[in-house]
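The chain contents come next:
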Amino acid sequence: MSETISRGDQLKAFLDQVPIVQTLGMHCDIKGDDMVGVLPFQNKLIGNFTIKALHGGAMGTFLEMTAMAQLFLVSDAPRPARTINITVDYLRQGKAQDLYARATVIKLGRRMASVRAEAWQSERDKPVAALLGHFLVG
Amino acid sequence: MSDPINDLDARIAFMRANMENMMKVTPWANEMGFKVTRIEKGHVWGVQPFDEKLIGDPETRVIHGGVITTLLDNLCGSSCGAALKEFRFVATLDLRIDYMRPAESGRDILAEAECYHITKSVAFCRAWAYHETRDKVIATAQGAFAINQPRTNLKPGSQL
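Residues numbered from 1 in each chain as written. Chains lettered and ligands numbered in written order. Predicted model: local features only at pLDDT ≥ 70, side-chain atom pairs only at ≥ 80, totals over all residues. Heavy atoms only, no water.

1. A closer look at the overall build of chain A
Applied cut-off: Note on conventions: DSSP H or I runs of at least 4 residues are helices, E runs of at least 2 residues are strands, and numbering of each starts at the N terminus. Each radius of gyration reported is based on C-alpha atoms, and the globular scaling rule is 2.2 Å times the count of residues to the power 0.38. The rule is simple: take the accessible area with a 1.4 Å probe, protein chains only, and divide by the maximum for that residue type; under 20% is buried, over 50% is exposed, in between is partly exposed. The contact definition used throughout considers only heavy atoms, calling two residues in contact when any of these lie within 4.5 Å. For accessible areas, the Shrake-Rupley method is used with a probe of radius 1.4 Å. Any residue's cover is judged against the shown protein chains and nothing else. A positive count includes Lys and Arg, and a negative count includes Asp and Glu. His and the chain ends are not counted in either. Working definition for charges: the position is that of NZ of Lys, CZ of Arg, CG of Asp or CD of Glu.
Assigned secondary structure in chain A consists of three helices and eight strands. Secondary structure elements of chain A, listed N to C terminal, follow the sequence α-α-β-β-β-β-α-β-β-β-β. For 138 residues, the compact-globule estimate of 2.2 N^0.38 gives 14 Å, and chain A sits close to it at 15 Å. Each principal axis of the C-alpha atoms in chain A carries an extent, and together these give about 50 × 25 × 25 Å. Classification of the 138 residues of chain A by burial places 51% in the buried group. Put simply, 61% of the contacts in chain A that link residues at least 6 apart link residues at least 24 apart. Put simply, chain A shows about 6500 Å² of open surface, and 51% of that area lies on carbon and sulfur atoms. The average position of the 16 basic charges and that of the 13 acidic charges among the side chains of chain A differ by 5 Å.

Below, the structure is given as structure tokens:
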């Protein structure tokens, strides 16, 4: 691994190559070892037309990807981690608006990592969904 | 005359008749491209065809776990529709997914979901994703779904 390329640039290069990231239309706003996942609203992300709510699966995918990205940013593993399991809590209805997410690495061990992620829309204090995931880093 | 809103058997018949279109009215499910293939009381089956745009790891070319989240979440919701005595919309409260083994690149993913317990306000579901049979699962899911207040605007093709 080249030492001149920052972890953030490595992450960006990786995300650019991941088809599901393009399909979702998400990107990561990277600031050093911190980042915010951004999922701009698109009609295709809707799960229920009658109430124009975001699909739980789209939010879950976005949260899992954000957790993986944050984990990559703070670890020195050559490859992104593999998911062992995730639990997603759906706290509020996801509205037809942009969705943001921030993830925190709770524990980074030699083999496993535990990551928490939270998604919100217009108000940071009113999370829409939260994820707790375990990942294999080794 | 029994109607799909209040009569479960009539609703299952309605769901079977609209199976092809069930996911077309759910944009994100439609984007993923999965289909419902079989419906029994409280139990639904589906298939997620392999698609390049769903890849989560460019090196192994395996479908992203989030696609399985979408598939199992959606099938769980549909299994509630095939289990509730009176029709109600359901909303996911929580969903846990365990990944047992990676999916194989280039292969379709089969899945099934079962609504195994219902209380006044919550439905409990579990689901499985695999390539061939449930004996060799890719992922399992367990979820709780909130049962919403009655709605009556049931139209052909609407998601049950």
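2. Let's talk about the packing of aromatic side chains
Where two aromatic rings form a pair, the distance of their centres and the angle of their planes describe that pair. Rules: Think of it this way: a Phe, Tyr or Trp ring, Trp meaning its six-membered ring, pairs with another when their centres are within 6.5 Å, and the plane angle makes it stacked under 30 degrees, edge-to-face over 60, tilted otherwise. We call a charge positioned over a ring when the NZ of a Lys or the CZ of an Arg lies within 6 Å of the ring centre and within 35 degrees of the ring normal.
Within this structure, the stated rule accounts for two aromatic pairs over all chains. Between A:Tyr100 and A:Trp120 the ring centres are 6.0 Å apart and the planes differ by 40°, which places this aromatic pair in the tilted class. Here A:Tyr100 is found in strand S6 (residues 99-108), whereas its partner A:Trp120 is found in strand S7 (residues 112-120), with 20 residues between them in sequence. Accessibility expressed as a relative area gives 26% for A:Tyr100, which makes it partly exposed. The class for A:Trp120 is buried, based on a relative accessible area of 10%. Ring geometry for B:Phe87 against B:Phe89: centres 5.1 Å apart, planes inclined by 75°, an arrangement best described as edge-to-face. Residue class for B:Phe87 comes out buried when judged on its relative accessible area of 3%. The ring of B:Trp45 carries B:Arg38 above its face, with NZ or CZ at 4.0 Å from the centroid.

3. A few points about the environment of B:Phe145
Residues and elements named next belong to chain B. Looking at where Phe-145 falls in the secondary structure, it is placed in strand S8 (residues 137-147). Residue Phe-145 is classed as buried on the basis of its relative accessible area, which comes to 1%. Apart from residues no more than four positions distant in its own chain, Phe-145 is found in contact with Asp-73, Cys-76, Gly-77, Cys-80, Val-90, Ala-91, Thr-92, Leu-93, Ser-121, Val-122, Ala-123 and Cys-125.

4. Side note on the pairing of strand S8 (residues 129-136) of chain A
Residue and element names in this part refer to chain A. The test is simple: Here the rule is simple: two strands pair whenever DSSP picks up at least two bridges between them.
One ladder, built from eight bridges, connects strand S5 (residues 82-90) with S8; its direction is antiparallel. Across the sheet, the residue bridging to Asp-89 is Ala-130, located in S8. Here S7 pairs with S8 via eight bridges, running antiparallel. Residue pairing for S8: Glu-118 is matched across the bridge by Ala-130.

5. Here's the deal with the packing of helix H3 (residues 56-74) of chain A against helix H3 (residues 65-81) of chain B
Our working rule: With axes taken as lines fitted to C-alpha atoms, and helix axes fitted only over the stretch in contact, angles between N-to-C directions fall between 0 and 180 degrees. An angle below 35 degrees is read as roughly parallel, one above 145 as roughly antiparallel, one from 65 to 115 as roughly perpendicular, and any other as oblique. The handedness criterion is simple: a crossing whose near helix is rotated anticlockwise from the far helix by less than a right angle is left-handed, and one whose near helix is rotated clockwise is right-handed. Asp, Glu, Lys and Arg are counted as charged, while Ala, Val, Leu, Ile, Met, Phe, Trp, Tyr, Cys and Pro are counted as nonpolar; the rest, among them Gly, fall into the polar class.
Relative to each other, H3(A) and H3(B) sit at 155°, their axes nearing to 8 Å. As judged from the angle between their axes, H3(A) and H3(B) are roughly antiparallel. When you trace H3(A) past H3(B), the crossing you get is right-handed. Where H3(A) approaches H3(B), its residues A:Gly56, A:Gly57, A:Ala58, A:Thr61 and A:Glu64 are matched on the opposing element by B:Gly65, B:Gly66, B:Val67, B:Thr69, B:Thr70 and B:Asp73. Of the residues belonging to the contact of H3(A) with H3(B), the class tally is two nonpolar, seven polar and two charged.

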